[in-house]
Every structure is written in structure tokens, then in C-alpha cells.
Amino acid sequence: MQKSFARSYDSLKEIYDFTEDFFQAEDIAEPTRYPVHFALEELFTNMVKYNPGNDHDIQLNVENGGDHVTVTMTDYDVDAFDVTVPRKVDTKSPLADRPVGGLGLHLIRRMVDTLDYHYADRQSRITFTKRFE
Amino acid sequence: MFEIEFGDDGNIRCMGRLDAAQCEKAQRFMDSLAEAGTLDFAGLEYISSAGLGVLLKTQKRLAETGAALKIINVNNHIKDVFRYSGFNAIFDIEASGN
């Protein structure tokens, strides 16, 4: 299933509904759904946040791979931002020293099985997979 | 859809999906809290990293006066998110059914 979404936080509800329709059509169980929703929304939110002036829609493709879900997101006319590069994340400091923000990519890496990034011709393509649970 | 309000028991009931689009609403409510409170997540299905930011910002502000948030009735998915974030070390968290 494929669909394009406007570059806005307001698209999050529409993306959730689109993905839920896919899960229901493919009879994919709830434990798999949460991490897919989470990764998808975090990555989409990053695309909105870091390219606010871009008026291209963001393309989303979801597929049933038999024992896993594959999600591909394509963003057009953007600078490269490799989401697979490990970033320093603080999850152990005391409250006073804990920075607000910066957890999204760390959490995605904990929740999905593969995360890939491809950049060419000013197009970013992110693909992640989640095995059925 | 996300809703946040005081319940009859005085706890703060969070319901629905706290995604990036709903964080402004959540932050407005949390900014009005002047003392310790208990967040009841029984109706909360989902929280994004932006939602975690709302919780962390509030906890840091309350800690300056010696107060803190407690979070109860956390579902298993959100419990995992808290664990991966290290939030279980800086929040008093009770899972569903505890």
C-alpha cells in the first residue's frame, strides 16, 4: 500500500489510519503494530521538523513481507540526514542532567529489526522492517 | 485524539495518543501543575518521543520544588518505551494491574 502525505504534524492522524487499515487488511497482530506506528511517526515527524519550508509531500509505502512488515518513506528535495548513524543518547543521567529531546532515533533502533538509509538526487529514502511478534 | 483532564480521584487522566501533534495541548496542561501529581495512563494508548519530552520537562520543573510526577496504569508498550528511555529511573512508574 502506498500513499503520500502532506508535510505537517496534522498528517499524523491520517498516517495512523492508513497504517491501521493496512494492518487490519493483512491481519497483522497488535504487538507488531505499536513499534511500526512508533518508528513511522518518529521518522515522519523528523522529516517535518527538519525541512519545514519544503512543500513536497512525503511518500509512504507499507508491505507485508510474510514474516515481517517493511516500511519505506521517501522525502523529496532534501539535504541528506542519515538516520542510521549512531547518536550519543543519555538515558542514565540523573534527572537534573537529562536533556529534553533527542530520544526518537534511539528508540526506533530499539524497536525495529532493520533500519536503512539511501540518499541520491536529493531524495532521502528510509526503509525499516519489523518482524511479526 | 488525545485528552488530558483531572479525574474524580484527583489523578490526571491521559487518554488516546500523545503524538507530536498533541504535545502542545499536553504541555499547556502540565505547565499549569504547581505541585506533585499522579498521571493515570489507563486510557493512554501511545506516546511518542515528543510526549516523553513533555513528561521530562515537567518532571524537571517540579523537581526544583521537591515535587514529582507519578505515572500509573502504564501499558506494556509504553512501559518498554520508558525502559528504553531510562525513564524508569527518574519517574515513579506503576504498570497496568499493579
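Presented here is an overview of the structure given in this document.

This part takes up the pairing of strand S5 (residues 92–95) of chain B. All names here are of chain B. Summarising the sheet, strand S4 (residues 69–74) and S5 pair through three bridges and their orientation is parallel. By the bridge assignment, Lys70 is partnered in S5 with Asp92. Crossover connection from S4 via helix H3 (residues 76–85) to parallel S5: handedness right-handed.

Next up on the list: the sheet that holds strand S4 (residues 114–120) of chain A. All names here are of chain A. Pairing is antiparallel across the open sheet formed by five strands, whose spatial order is S1-S2-S3-S5-S4. A single partner strand is all that each edge strand has here, and the edge strands are strand S1 (2–5) and S4. The sheet shows a mean angle of 15° between the axes of neighbouring strands, direction not considered. In this structure, S1 lies alongside strand S2 (residues 58–64), joined through four bridges in antiparallel fashion. What sits directly across from Lys3, in S2, is Leu60. Each of S1 and S2 is contacted by helix H1 (residues 12–26), which is oriented at about 15° to S2, the strand it contacts most.

Counting residues at the interface gives 19 residues for chain A, matched by 20 residues for chain B. Breaking the side of chain A that touches chain B down by element, the ones donating at least two residues are helix H2 (30–50) and helix H3 (104–111) of chain A. At five residues, H2 of chain A tops the list of elements feeding residues into the side of chain A that touches chain B. In terms of residue class, the side of chain A that touches chain B is made up of eight nonpolar, five polar and six charged.

Procedures and definitions
- Residues numbered from 1 in each chain as written.
- Chains lettered and ligands numbered in written order.
- Predicted model: local features only at pLDDT ≥ 70, side-chain atom pairs only at ≥ 80, totals over all residues.
- Pairing = 2+ DSSP bridges.
- Helix = DSSP H or I, 4+ residues; strand = E, 2+ residues; numbered from the N terminus.
- Right-handed = clockwise from strand over helix to strand, strands pointing away.
- Axes fitted to C-alpha atoms, helices over the stretch in contact; angles between N-to-C directions.
- Contact = placed C-beta atoms within 7 Å.
- Nonpolar A, V, L, I, M, F, W, Y, C, P; charged D, E, K, R; others polar.

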